[in-house]
Amino acid sequence: MRGQKKDEGTDVKKNKETSQKSKREFRSESSEGDVIDLILEDHKPLKELIVVLKDSKALLAKKKLAYEKFASLLATHAEAEEESLYAYMKKLKDFRIDEFEGETEHALAKSLMGEIAELKFGDEWEAKVKVLAEMVEHHVAEEENALFKKLEEEVSDDELESVGQEYAALWQEKRMEKEGDIVEGDYRIRPRAGFSGAKIDAAGSMKGRVGVPILLYFMGVPGGIVLLLWFFVFR
């Protein structure tokens with residue numbers, strides 16, 4: 001199991017992490033590492049941007065630029081994760097609930113991003129961006145503190161490496177689909193079917209009716225129930 005690698009020594013682990021980080025610094029070339037290593041690396045820029053999006057003292061213009069990059073990175077990461085790791089987890093009985101919870105959190109994030117895309121920059125935009133940042137922060141923490149440890153204990157090295165290769169290939173594919181939105185490091189999000197381009201039908205501050213499911217989720221209602229309510233009642 002992957003957990004056995006921890007006994008190989010701190011120096012070996014540090015060398016591996018340094019090597020993998022350098023290989024993944026630019027995604028224009030192939031990435032190596034198991035799926036956990038790759039996703040952990042992709043979480044880092046998201047967490048850095050979350051700090052900006054949650055900062056009540058940050059200028060709106062700074063948050064606007066940070067959100068454009070955040071939305072693009074999140075869309076690429078989430079789509080690749082759903083089609084590789086989540087698809088793999090669906091095949092494993094012990095991980096089906098974990099997959100359903102993750103999928104629920106992704107669905108809520110997608111809906112909220114759709115709402116944000118239709119807002120003018122101002123108080124409501126800033127508030128919803130902060131809620132989205134907090135949702136993603138919670139999702140990332142759950143993966144890193146619980147899901148990944150469970151995967152390390154119950155899934156073989158070879159399987160994690162295989163899923164990692166699939167994730168890296170999908171990441172490249174999703175990133176290339178969005179290349180037309182990137183100009184000199186600044187990310188421009190086109191309205192598109194999929195993660196960030198969903199059209200939401202509703203009215204007022206509950207545009208897309210995603211507010212109630214999000215509230216229920218943060219009140220502790222299980223993710224599966226929230227997703228069912230959103231799909232059949234609030235969507």
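In the block above lies the structure referred to throughout.
Predicted model only: the values in this text are computed from it and were never measured. (Residues numbered from 1 in each chain as written. Predicted model: local features only at pLDDT ≥ 70, side-chain atom pairs only at ≥ 80, totals over all residues. Heavy atoms only, no water.)

## Some words on the overall build of the protein
To be explicit about the condition: Numbering of helices and strands starts at the N terminus; helices are DSSP runs of H or I of at least 4 residues and strands are runs of E of at least 2. Only protein chains enter the accessibility calculation, which uses a 1.4 Å probe; a residue is then buried when its area is under 20% of its type maximum, exposed when over 50%, and partly exposed in between. Contact criterion: two residues are considered in contact whenever any of their non-hydrogen atoms come within 4.5 Å of each other. Only the protein chains shown count as covering a residue, and every accessible area follows the Shrake-Rupley method with a 1.4 Å probe.
Secondary structure summary: the protein contains 8 helices and 2 strands in total. Each helix and strand of the protein, placed in order from N terminus to C terminus, yields the pattern α-α-α-α-α-α-β-β-α-α. When the 235 residues of the protein are sorted by exposure, 44% land in the buried category. Sequence-distant contacts, at least 24 apart, represent 72% of the contacts inside the protein between residues at least 6 apart. As displayed, the protein has an accessible area near 12900 Å², and 54% of this comes from carbon and sulfur atoms.

## A word on the environment of E166
In this fold, E166 is placed in helix 6 (residues 157–177). The class of E166 is partly exposed, set by a relative accessible area of 39%. Along the sequence, E166 and E83 sit 83 residues apart, while their C-alpha atoms lie 8.6 Å from each other. Leaving out residues up to four positions away in the same chain, E166 has contacts with E83 and S84.

## Digging into the packing of aromatic side chains
Here is the rule: Centres within 6.5 Å make a pair out of two Phe, Tyr or Trp rings, where for Trp the six-membered ring is used; the pair is then stacked when the planes are under 30 degrees apart, edge-to-face when over 60, and tilted otherwise. Our definition puts a charge over a ring when NZ of Lys or CZ of Arg is within 6 Å of the ring centre and also within 35 degrees of the ring normal.
A full pass over the atoms with the stated rule returns 3 aromatic pairs. Between the aromatic rings of Y67 and F70, the centroid separation amounts to 6.4 Å while the plane-to-plane angle is 40°, which identifies the pairing as tilted. Of this pair, Y67 and F70 both sit in helix 3 (residues 60–89), 3 residues apart, which is roughly one turn of the helix. With a centroid separation of 4.8 Å and 70° between ring planes, the pair formed by F121 and W125 is classed as edge-to-face. What links up through ring pairs into an aromatic cluster is the set Y67, F70, F121 and W125. Above the face of the F95 ring, K150 is positioned so that its terminal group lies 4.7 Å from the ring centre.

## Quick look at the nonpolar core
Test applied: For the purposes of this section, nonpolar cores are sets of buried Ala, Val, Leu, Ile, Met, Phe, Trp, Tyr and Cys residues that join through side-chain atoms within 4.5 Å.
L53, Y67, F70, I116, L132 and V136 are the most contacted members of the largest nonpolar core, which totals 24 residues. Listing elements by their share of this core, those giving two or more residues are helix 2 (35–54), helix 3, helix 4 (96–117) and helix 5 (123–154). Broken down by element, the residue count for this core peaks at 7 residues, all from helix 5. For Y67, the residues in contact, after removing those within four places along its chain, are L53, M113, I116, W125, V129 and L132.

## A word on helix 5
Defined as follows: A helix is expected to span 1.5 Å for every residue after the first. Note that bend, as reported per residue, equals the angle between axes fitted to the 7 residues terminating at that residue and the 7 residues originating from it.
Between its terminal C-alpha atoms helix 5 stretches 45 Å, which fits the 46 Å expected from 32 residues at 1.5 Å a residue. The largest bend in helix 5 comes to about 40°, at E143.

## Some points on the packing of helix 4 against helix 5
How two helices pack is summed up by the angle between their axes together with the distance between the axes. Quick note on the threshold: Axes here mean lines fitted to C-alpha atoms, for a helix over just the part in contact, with angles spanning 0 to 180 degrees between N-to-C directions. Note on angle classes: values under 35 degrees are labelled roughly parallel, values over 145 roughly antiparallel, values of 65 to 115 roughly perpendicular, and the remainder oblique. Left-handed describes a crossing whose near helix is turned anticlockwise from the far helix by less than a right angle; the clockwise case is right-handed.
In the contact formed by helix 4 and helix 5, the axes pass within 10 Å of each other and the chain directions differ by 165°. Taken as axis vectors, helix 4 and helix 5 run roughly antiparallel relative to one another. Every pair of crossing elements has a handedness; the one defined by helix 4 and helix 5 is left-handed. Here D98, G102, E105, H106, L108, A109, L112, M113, E115 and I116 of helix 4 come into contact with helix 5, specifically with W125, K128, V129, V131, L132, M135, H138, H139, E142, L147 and K150.

## Description of the packing of helix 2 against helix 3
Keep this limit in mind: Only Asp, Glu, Lys and Arg are considered charged in this grouping, and only Ala, Val, Leu, Ile, Met, Phe, Trp, Tyr, Cys and Pro are considered nonpolar; every other residue, Gly among them, is considered polar.
Packing of helix 2 against helix 3 brings their axes to within 9 Å, and their N-to-C directions diverge by 155°. Classified by the angle their axes make, helix 2 and helix 3 are roughly antiparallel. Our pair here, helix 2 against helix 3, has a crossing hand that is left-handed. Contact with helix 2, carried on its side by V35, I39, D42, H43, P45, L46, L49, I50, V52 and L53, involves K62, K63, A66, Y67, K69, F70, L73, L74, H77, E81 and L85 of helix 3 and no other residues of that element. Here the residues of the contact of helix 2 with helix 3 sort into 14 nonpolar, 2 polar and 5 charged.

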